[in-house]
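Chain by chain, the residues:
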Amino acid sequence: MHWQIKSTKGFILSLGFIFVILMAGAVSATEESRGNNRPVADVTIGSSGINFVPRVSYGRLTLTVSLPDGALFQKNFDPGAAPYLGLAEVSKNQMMDGHYTYELRVSPVAGVRVRDEAAGSQMKAETSPQVALTQTGHFLVRGGAIVIPTNMPEPKGQGIARPDYTYNEDLYVVGSLCIGTDCADPETWAYDVLRLKENNLRIHFEDTSNTSSFPANDWRIVVNDVIDGGANYFAVEDTTASKTPFKIEAGAPDNALYIEDYGRIGLKTAAPAVEMHIVDGDSPAVRLEQDTTSGWTAQAWDLVGNESNFFIRDVTNSSRLPFRIQPGAPSDSLCIKSDGKIGMGTWSPAYALEINKTGAPANFICKQTDGASACIVADSSHVFIGAKSNHDFRLIANDSPKITILPSGYVGFGRNTPSYPLHMASGAYCTTGGVWTNASSRALKENIQSLTTDEALNALNDLNPVKFNYKADNTEKHVGFIAEDAPELVAAKDKKGMSPMDVVAVLTKVVQEQQKTIAQLQEKIARLEEKK
């Protein structure tokens, strides 16, 4: 037998038992929720602040408060501290009226794990990650003070005797259904088919399955807090686990969460263009926050975009901005290929780092903001490498400077402070006038011995002057010696070159001996002339 009720008044009278059952369930569910939703701390709310008495051990408690204007306030508490939230410190003495939401998050006592940076995100947790232990609550500020919550009001009509009805048949309602102590006769229905109407609104889904293989989780739809100063929201509660996985605060904007028929998700937009589309009037952002529930160090990053730039913000470390992209940046500004090659201005880098530029010089600048700056520049016909600032330029090998160029243009080979246009580590140099000067200081030499006359004469006799041109330039004629044919005394040890100073030394010794001979001959001639 099926019953049909076409009169709203008759419907309310005949289904009064439904209201009684739902009302009883709402009262007991609210009390259960109030007890089980505080796993972290007991809360005492005063007009100027809130005290938290922790129920669990912790390494640190993090309290985050969302203000009525959307701003966030955060405060950390170490073990042994008395967690307290003062209204003045949250509102910065402005005492903003409105609803506030807080979250109390537990950081475990266990030591912090250290991630292998080489493995990075590929490193997996050795055990399943712990579930974050959090507690969420609300409070209301009115007239510059926190509204102290009162006890949950009793549902209207509590204690009023009503007849109980039990139907063992299907029930059909042709019309609209109102449940609650504030239902009127008649109601103005508009397009409502089902209406819950009273001061405490809950719908409880209680699964009575008692076989282990059947799902039996209980759920509840919760609408608004049941205390003075509480929050206005719509929530889905996992009653069995005493958790609230889904909540919408009153006043949330249109299309705060929009899932369109292609599966794309819009946040503040009903027309998502991609799988996740976020719209905001000022710097839409996504926060990636790692807490300490799995033993890792806490770290938070933001991905943010606005009219000035797209950037990554290191929230944990003073909100630094290590990565930024300005709107209008050309395609392939920065490309990292699968083989690790990096291209700047090219999608196809052939080297570890390749910089491409068309129509303008390609510049690579290394700059210490309070020191020197270096540059590598390639333009249409030249390559420049050196110091861009007024500092020395040094070429190094094996982490040691080998060639130094001063801002004056002086070049040192193996010398960091050259004193001449070209200055060698040996002490040899080329003067400003272009004169080459060999290093000849006694301080630079050892095994010093006099060159004998015979050695000099033998070397001189063995020298064979020739005329020639170098193969690299057959237009320039020279005179000199062939190193392979030169005597050991003046040839380089590899017999590929000769030092002019060595030849000069040989000639000097020979000339000195000739001068002695000339002097002796002159003296002999003089004596002969005296005898005439």
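Conventions used here
- Residues numbered from 1 in each chain as written.
- Predicted model: local features only at pLDDT ≥ 70, side-chain atom pairs only at ≥ 80, totals over all residues.
- Heavy atoms only, no water.
- pLDDT = per-residue confidence, 0-100.
- Contact = heavy atoms within 4.5 Å.
- Disulfide = S-S within 2.5 Å.
- Buried < 20%, exposed > 50% of the residue type's maximum accessible area, 1.4 Å probe, protein only.
- Pairing = 2+ DSSP bridges.
- Helix = DSSP H or I, 4+ residues; strand = E, 2+ residues; numbered from the N terminus.
- Axes fitted to C-alpha atoms, helices over the stretch in contact; angles between N-to-C directions.

A. Fine view of the confidence of the model for the protein chain. Looking at the protein chain, pLDDT values average 86 and 86% of them are 70 or higher. Low pLDDT, under 50, characterises residues 1–37; the stretch is placed with 69 contacts to residues that sit more than four places away or in other chains.

B. Summary view of the state of the cysteines. Under the criterion given, the structure shown has 1 disulfide. A disulfide bridge connects Cys178 with Cys183, and the sulfur atoms are separated by 1.9 Å. Disulfide Cys178-Cys183: torsion about the S-S bond near -90°, hence left-handed. With relative accessibility at 5%, the residue Cys178 sits in the buried group. Take Cys366: it sits in no disulfide, and the sulfur closest to it among the cysteines is that of Cys375, at 9.6 Å. Classification of Cys366 by relative accessible area gives partly exposed; the value is 43%.

C. Just the sheet that holds strand 25 (residues 342–344), in detail. Taken in spatial order, the 3 strands of this open sheet run 24-25-26, and their pairing is mixed. In the strand order of this sheet, the two ends are held by strand 24 (335–336) and strand 26 (353–355), each with one partner. Strand direction decides the pairing type here: strand 25 and strand 26, joined by 3 bridges, are parallel. Residue pairing for strand 26: Gly343 is matched across the bridge by Glu354.

D. Looking closely at the sheet that holds strand 29 (residues 383–387). What the 3 strands build is an open sheet, ordered 27-28-29; its pairing is antiparallel. Of all the strands in the sheet, the pair left with one neighbour each is strand 27 (362–367) and strand 29. Along the sheet, successive strands turn relative to each other by an average axial angle of 5°, direction set aside. In this structure, strand 27 lies alongside strand 28 (residues 373–378), joined through 6 bridges in antiparallel fashion. Its bridge partner being in strand 28, Ala362 is matched across the sheet by Ala378.

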